[in-house]
Amino acid sequence: GAFLGVDEDSDEKEDQPGLVVNVVRGSAADRAGLRDNDKIMKINDTPTNKWSDLSKFVNTAKVGDKIQIAYERYGKAGSTEATLSKRNEVKCDTKCEPKGFLGVSDDEEEDENDEPGVAVRITKESGAEKAGLQNGDVIFQLGDAPIADFEDISDYMAYAKPGEKVKVIYERNGKRNTAEATLTEQKNT
C-alpha cells in the first residue's frame with residue numbers, strides 16, 4: 001500500500017486542530033520537506049485532526065498519488081506536495097547523512113517543573129560550550145523552534161547539519177541571553 005512516512009508524535013494535544021507528526025527519514029513526507037513536530041492541518045483540503053483521519057486517507061490512496069499537505073511549523077502555515085511511495089522504497093535511515101551535534105543533555109536535577117524551557121548539561125568542547133553555554137542554563141529556543149521539553153531539542157537536532165550555526169536563546173540566573181553555536185558532527189557512542 002501507499003506510505004506517507006509519518007508517525008504520531010507523543011507531544012500531540014488532542015483538543016487542538018491538526019495532527020503533530022514525527023517524520024520517517026527518506027520517506028515521501030521527508031522528501032516533501034515535512035519535519036518532526038510539524039502539525040498536519042489538511043490533506044487535499046480534508047481536515048486532519050485525528051490519527052484515524054490520516055490513516056483512512058493513506059489506506060485508500062495509491063502508490064504514486066500526489067497529495068497536497070497543509071501544515072504548521074512553529075505556528076507558521078506552510079504547504080507542500082508529497083508523492084506517496086511504498087514503505088520498502090524508503091531509501092534512507094537515520095545513518096544516511098551526518099547529524100549536527102550541539103552538545104547538550106537534559107539536566108534532570110535542574111529541570112523538575114512543567115515550565116517551558118529545558119535545563120541542560122553541557123558536553124566538553126562542544127558547540128554549546130564554545131558558544132558560552134554552561135551547565136544549568138535553560139534553553140528556550142533553537143533557531144525558530146520554541147523549546148518546551150528535551151524532545152523538542154531532539155526533534156530540532158534531527159535535521160541539523162554539522163557546521164550549521166544555530167541561534168540559542170537561553171536563561172542563566174533569571175536573565176535571558178542569546179548565543180550562536182556552530183554544530184559539530186554527532187559521533188555515535
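The coordinates are above.
Keep in mind it's a predicted model, so treat the numbers as computed, not measured. (Residues numbered from 1 in each chain as written. Predicted model: local features only at pLDDT ≥ 70, side-chain atom pairs only at ≥ 80, totals over all residues. Heavy atoms only, no water.)

Q: Sorry if this is basic, but what is going on with the pattern of salt bridges here?
A: Once the charged atoms of two side chains with opposite charge are near each other, the side chains can pair. In the structure shown here, the tally under the stated rule is 6 salt bridges. Across the pair K50 and D53 runs a salt bridge, and its minimum N-O distance is 3.8 Å. Judged by relative accessible area, K50 falls into the partly exposed class, the value being 49%. Between R172 and D137 there is a salt bridge, with its nearest N and O atoms 2.8 Å apart. One end of the pair, R172, is in strand β12 (residues 165-172); the other, D137, is in the loop between α3 (127-130) and β10 (138-142), and 35 residues separate them in sequence. Note on D137: relative accessible area 2%, which makes it buried. (Salt bridge = Lys/Arg side-chain N within 4 Å of Asp/Glu carboxyl O. Buried < 20%, exposed > 50% of the residue type's maximum accessible area, 1.4 Å probe, protein only. Helix = DSSP H or I, 4+ residues; strand = E, 2+ residues; numbered from the N terminus.)

Q: Is there a simple way to think about the environment of V21 in this case?
A: Among the structural elements, V21 can be located in strand β2 (residues 19-23). We classify V21 as buried; its relative accessible area is 0%. In sequence terms V21 and R35 are 14 residues apart; their C-alpha atoms lie 8.0 Å from each other. Those residues in contact with V21 that sit more than four places away from it in its chain are V6, D7, D9, R35, D36, N37, D38, I40 and W51. (Contact = heavy atoms within 4.5 Å.)

Q: So what exactly am I meant to see when it comes to the pairing of strand β6 (residues 76-83) here?
A: Residues in a regular strand project their side chains so that they alternate between the two faces of the sheet. Relative to β6, strand β5 (residues 66-73) runs antiparallel, the two being bridged by 8 bridges. Looking at the pairing, Q68 lines up with E81 of β6. Linkage of β5 to β6, two consecutive antiparallel strands, is achieved through a turn of 2 residues, within which Y74 is found at a positive phi near 55°. (Pairing = 2+ DSSP bridges.)

Q: Teacher, can you tell me more about the nonpolar core here?
A: Within soluble globular proteins, side chains that are nonpolar generally end up buried alongside one another. L4 and V6 are the most contacted members of the largest nonpolar core, which totals 22 residues. Of all the secondary-structure elements, those providing two or more residues to this core are β2, α1 (28-31), β3 (39-43), α2 (51-60) and β5. Residues contacting L4, with those up to four places away along its chain left out, are S27, A28, A29, I43, L54, V58, I67, I69, A82 and L84. In this structure, V104, V118, A145 and I153 belong to the second largest nonpolar core, which totals 21 residues. (Core = buried A, V, L, I, M, F, W, Y, C linked by side-chain atoms within 4.5 Å.)

Q: Explanation requested: the packing of aromatic side chains in the structure shown.
A: Here the distance between the centres and the angle between the planes together describe a pair of aromatic rings. Across all of its chains, the model carries 0 aromatic pairs by this definition. Between the NZ or CZ atom of R176 and the centre of the ring of F140, over which it lies, the distance is 3.7 Å. (Phe/Tyr/Trp six-rings, centres within 6.5 Å; stacked < 30°, edge-to-face > 60°. Lys NZ or Arg CZ within 6 Å of the ring centre and 35° of its normal.)

Q: Can you help me understand the environment of N49 in this one?
A: Structurally, the position occupied by N49 is in the loop between β4 (46-47) and α2. Measuring from C-alpha to C-alpha, the distance between N49 and V20 comes to 9.2 Å, with 29 residues separating the pair along the chain. At a separation of 2.8 Å, a polar atom in the side chain of N49 contacts the main-chain amide nitrogen of G18. (Polar contact = N/O pair within 3.5 Å; in protein donor to acceptor, adjacent residues only side chain to side chain.)

Q: Would you mind showing me how to read unusual backbone geometry here?
A: With the exception of glycine, the majority of residues adopt a negative phi angle, and the majority of peptide bonds are in the trans configuration. With phi around 50°, N44 is a residue other than glycine that occupies positive phi space. Following the sequence through the fold, N44 ends up in the loop between β3 and β4. One non-glycine residue with positive phi stands out, namely Y74, at about 55°. Among the structural elements, Y74 can be located in the loop between β5 and β6. Given the relative accessible area of 38%, Y74 is considered partly exposed.

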